[in-house]
There are 2 protein chains.
Amino acid sequence: MGAREVGLPDVVGAAGLPSRVTIWEVGARDGLQNESVVVPVSVKLEFLARLASAGLSVLEATSFVHPKWVPQLADAAELLAGLDRRAGVVYPVLVPNERGLDRALEAGVSHIAIFASATETFAARNLNRTLESQFEMFEPVVARALAAGVSVRGYVSMCFGDPWEGAVPQSQVVAVGERLLGMGCSQLSLGDTIGVATPGQVEALLAGFSDVSRLAVHFHDTYGQALSNTLAALRCGVTTVDSSAGGLGGCPYAESATGNLATEDLVWMLDGLGVETGVDLDALVATSVWMAEQLGRPSPSRVVRALSK
Amino acid sequence: MGAREVGLPDVVGAAGLPSRVTIWEVGARDGLQNESVVVPVSVKLEFLARLASAGLSVLEATSFVHPKWVPQLADAAELLAGLDRRAGVVYPVLVPNERGLDRALEAGVSHIAIFASATETFAARNLNRTLESQFEMFEPVVARALAAGVSVRGYVSMCFGDPWEGAVPQSQVVAVGERLLGMGCSQLSLGDTIGVATPGQVEALLAGFSDVSRLAVHFHDTYGQALSNTLAALRCGVTTVDSSAGGLGGCPYAESATGNLATEDLVWMLDGLGVETGVDLDALVATSVWMAEQLGRPSPSRVVRALSK
């Protein structure tokens with residue numbers, strides 16, 4: 001059933017929201033790297049082509065993290081070689097270090113993203129660095145990328161809570177983020193990696209940065225808070241939102257659902273609010289239904305489940 | 001794992017929110033009437049006792065709808081006879097008509113709720129009435145209840161969209177609601193029965209009523225919108241929110257999740273915002289885990305799933 005046939009009410013805007021939002025679609029990277037099934041490169045290429053056809057204009061395509069850590073994305077070079085780049089669509093890739101950058105540059109990418117930690121413990125566990133020494137790793141990556149004309153996004157993880165450290169001081173998150181911006185990142189993506197944030201925390205953190213136009217938000221739906229946090233961020237002036245088609249990366253049958261905000265659930269809200277995204281919701285739902293078949297399990301997105309009855 | 005041990009960030013309020021919210025817990029009625037399993041009365045009584053112990057102060061207990069229509073709640077009289085009423089807790093029951101009111105009064109209830117439709121088609125299908133003639137059915141119910149010192153809440157269903165009629169004119173919803181208030185209902189619960197609403201629609205509808213202090217909201221999470229709509233309603237001054245412990249009433253394995261907003265997901269947000277509810281989240285999660293065992297399937301609440309790992 002299509003989105004228009006389910007009794008969708010009229011479009012009604014709300015004060016304080018942007019007229020247009022850019023969705024930074026992370027399904028092919030952040031989604032698939034957290035799925036237990038390794039998807040063939042041909043399926044990933046079809047997935048990206050379908051997402052572009054559905055109107056998504058930023059498709060984070062893959063990661064050059066070492067395959068030992070993320071076997072799901074070991075085919076990054078092959079994927080980029082086979083990619084049919086659509087006009088008007090950018091395909092950023094995640095790059096952890098200089099070796100990753102070398103591979104990304106060889107593959108001819110125009111946009112990369114680096115992945116920083118807001119906490120000492122996660123820096124140690126995820127990057128094998130201290131909070132301070134992670135920047136030594138990023139500096140040459142960003143400098144060389146910029147020199148090559150490649151745009152750099154900086155992810156900041158654990159912005160709202162850390163499973164080992166608990167609450168994360170806002171000043172610490174802002175310091176990490178401003179350092180990445182100062183290094184030359186064009187955008188920060190502030191991540192609630194464990195999904196614990198609530199709207200007051202979102203507003204307070206965003207207010208700590210000097211320029212909200214360079215901020216994106218990246219919410220996980222572990223505690224069901226992702227969409228209301230997104231709404232709060234939009235009211236603060238954020239216009240780029242990360243989400244994952246079909247909620248890829250969170251298994252609906254697992255005891256805990258730790259996936260990204262589902263792009264369809266986000267588009268439903270933005271469509272109803274009259275906020276432009278350029279996305280055709282029915283085409284996107286069809287894509288996620290198809291991808292769920294490839295993965296052999298239903299999508300955790302509530303919109304996908306409701307519209308694919 | 002408890003809510004405090006998962007990296008929950010500090011409590012941070014947000015402008016424009018109430019300091020306290022009353023949760024109108026509908027799990028025992030709206031939740032269980034939509035579950036396929038018929039739960040024994042002893043289990044329902046333990047469920048209500050546990051919900052009261054978790055700090056919920058309004059527990060919609062059951063319904064005097066004819067058992068032919070809702071066999072899950074056929075034990076309403078037996079349940080109320082066995083109920084250990086807790087001080088400070090009210091136990092409203094749903095009453096469809098005068099026969100239902102007779103049974104509710106016999107059972108000694110202090111609070112009832114009636115269930116009206118905002119649309120012609122749902123009035124015909126659910127009440128076998130026209131939009132206009134439903135009031136003839138409600139008038140003697142409300143008058144007799146008030147005469148007996150019983151408080152009456154009016155539910156208005158299909159406030160934001162109707163599966164047969166599509167978009168529902170706001171003026172029509174307001175007219176139905178104001179009519180119920182004029183009849184003597186102390187509170188209206190505005191229901192998004194099919195879960196399609198988005199925040200702009202919520203704000204617009206609430207603005208159509210003369211007194212927001214008499215309004216409650218009742219969102220279903222079919223399209224993942226329930227919590228962000230609730231946030232929008234709170235910003236409009238609403239201080240009573242309907243929700244269902246564990247998201248009862250929506251099966252996580254069904255193709256569509258049509259259940260109520262899960263109380264735990266609501267409490268997580270309100271706790272983070274520093275909005276008082278009186279609810280002990282860990283006790284509530286333990287209750288929903290126990291109830292999920294009775295039903296033989298996991299809870300659709302994301303908080304319950306994450307905290308019961």
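Above this text sits the structure in question.
Just so you know, these numbers come straight off a predicted model, no measurement behind them. Chains are numbered independently. Their residues run from 1 in the order of the written sequence. All chains are assigned letters beginning at A, and all ligands numbers beginning at 1, according to the order in which they are written. For this predicted model, a pLDDT threshold of at least 70 governs which residues receive local features, and a threshold of 80 or more governs which side-chain atom pairs are given and counted, while totals over whole chains, interfaces and linings are taken from all residues. Side-chain calculation: all heavy atoms of the structure are included, whereas hydrogens and water are not.

**Description of the packing of helix H4 (residues 98–106) of chain A against helix H6 (residues 134–147) of chain A**
All names here are of chain A.
Next up, step 1: Where H4 contacts H6, the axes come no closer than 9 Å and their chain directions differ by 20°. It follows that H4 is roughly parallel to H6 by the angle criterion. The way H4 lies across H6 gives a crossing that is right-handed. Between H4, through Glu98, Leu101, Asp102 and Leu105, and H6, the contact on the second element is made entirely by Pro140, Val141, Arg144 and Ala145.
Next up, step 2: As a working rule, the residues Ala, Val, Leu, Ile, Met, Phe, Trp, Tyr, Cys and Pro are called nonpolar, Asp, Glu, Lys and Arg charged, and the rest polar, with Gly in that last group. Class assignment for the residues of the contact of H4 with H6 results in 5 nonpolar, no polar and 3 charged. Here the axes come from fitting lines to C-alpha atoms, over the contacting stretch only for helices, and the angles between their N-to-C directions go from 0 to 180 degrees. The helix and strand labels rest on DSSP assignments: H or I over at least four residues marks a helix, E over at least two residues marks a strand, and numbering proceeds from the N terminus. Oblique is the label for every angle not falling under 35 degrees (roughly parallel), over 145 degrees (roughly antiparallel), or within 65 to 115 degrees (roughly perpendicular). Helix crossings fall into two classes, left-handed where the near helix is turned counterclockwise from the far one by less than a right angle and right-handed where it is turned clockwise. The contact criterion used is simple: two residues touch if any of their non-hydrogen atoms lie within 4.5 Å.

**Overview of the sheet that holds strand E6 (residues 151–157) of chain A**
Residues and elements named next belong to chain A.
Next up, step 1: Read across the open sheet, the 9 strands follow the order E2-E1-E9-E8-E7-E6-E5-E4-E3; overall the sheet is parallel. In this open sheet, the two edge strands, each paired with only one partner strand, are strand E2 (58–59) and strand E3 (62–63).
Next up, step 2: Strand pairing requires that DSSP identify at least two bridges connecting the strands. Across 5 bridges, the pairing between strand E7 (residues 187–192) and strand E8 (residues 215–219) is parallel. Paired with leucine 188 across the two strands is leucine 215, which belongs to E8.
Next up, step 3: Each of strand E5 (111–117) and E6 is contacted by helix H5 (residues 120–127), which is oriented at about 125° to E5, the strand it contacts most.

**Topic: the packing of aromatic side chains**
Next up, step 1: Two rings from Phe, Tyr or Trp (for Trp, the six-membered ring) form a pair when their centres are within 6.5 Å of each other. A pair whose planes differ by under 30 degrees is stacked, one over 60 is edge-to-face, and the rest are tilted. The tally for this structure, following the rule as stated, stands at 8 aromatic pairs over all chains.
Next up, step 2: An angle of 40° between the planes, with centres 6.1 Å apart, marks the rings of A:Phe160 and A:Phe219 as tilted. Of the two residues, A:Phe160 sits in the loop between E6 and helix H7 (170–183) while A:Phe219 sits in strand E8, which places them 59 residues apart along the sequence. Per residue, the accessibility class of A:Phe160 equals that of A:Phe219, and both read buried.
Next up, step 3: For the pair B:Phe122 and B:Trp164, a centre-to-centre distance of 6.3 Å together with 20° between the ring planes defines the contact as stacked. Here the residue B:Phe122 occupies a position in helix H5 (residues 120–127), and B:Trp164 occupies one in the loop between strand E6 (151–157) and helix H7 (170–183), the gap between them amounting to 42 residues. Relative accessible area decides the class of each residue, using a 1.4 Å probe on protein chains only: under 20% of the type maximum gives buried, over 50% gives exposed, and in between gives partly exposed.

**A word on the pattern of salt bridges**
For side chains bearing opposite charge, pairing can occur when the charged atoms are close.
Next up, step 1: Take a side-chain nitrogen of Lys or Arg and a carboxyl oxygen of Asp or Glu: if they are within 4 Å of each other, that pair is a salt bridge. Enumeration over the complete set of coordinates arrives at 24 salt bridges over all chains.
Next up, step 2: A:Arg144 is the partner of A:Asp102 in a salt bridge, and the nearest nitrogen-oxygen pair spans 2.6 Å. With A:Asp102 in helix H4 and A:Arg144 in helix H6, this residue pair connects regions lying 42 residues apart in the sequence.
Next up, step 3: With a relative accessible area of 27%, A:Asp102 lands in the partly exposed category.
Next up, step 4: On the basis of relative accessible area, A:Arg144 is assigned to the partly exposed category, the value being 30%.
Next up, step 5: Note that B:Glu60 is salt-bridged to B:Arg29, the shortest N-O span being 2.6 Å.

**Comments concerning the pairing of E6(A)**
All names here are of chain A.
Next up, step 1: Of all 7 residues in E6, 6 are buried; the element is thus mostly enclosed.
Next up, step 2: Relative to E7, E6 runs parallel, the two sharing 4 bridges. Opposite arginine 153, over in E7, you have glutamine 187 as the bridge partner.

**Remarks on the interface of chain A and chain B**
Next up, step 1: Contacts between the two partners involve 52 residues from chain A and, on the opposite side, 53 residues from chain B.
Next up, step 2: Buried area: the accessible area, evaluated with a 1.4 Å probe, that two parts lose upon being put together, summed over both parts. Note on chain A versus chain B: buried area summed over both sides is about 4300 Å², and carbon and sulfur give 56% of it.
Next up, step 3: Three residues, A:Tyr223, A:Arg302 and A:Arg305, lead the burial of chain A against chain B; their summed loss comes to 18% of the area buried on that side.
Next up, step 4: One can count 4 salt bridges joining chain A with chain B.

**A word on the relation of the copies chain A and chain B**
Next up, step 1: Copy-to-copy superposition: least squares on the C-alpha atoms, limited to residues that have pLDDT of at least 70 in both copies. Taken as rigid bodies, chain A and chain B are interconverted by a rotation of 180° and an axial shift of 0.0 Å, the fit giving an RMSD of 0.0 Å. Read as a symmetry element, the transformation amounts to a two-fold axis. Proximity to the rotation axis, assessed at the C-alpha, singles out A:Ser228 in chain A; its C-alpha lies 2.1 Å from the axis.
Next up, step 2: The share of interface residues of chain A whose copies in chain B are also at the interface is 100%, consistent with both copies meeting through the same surface.

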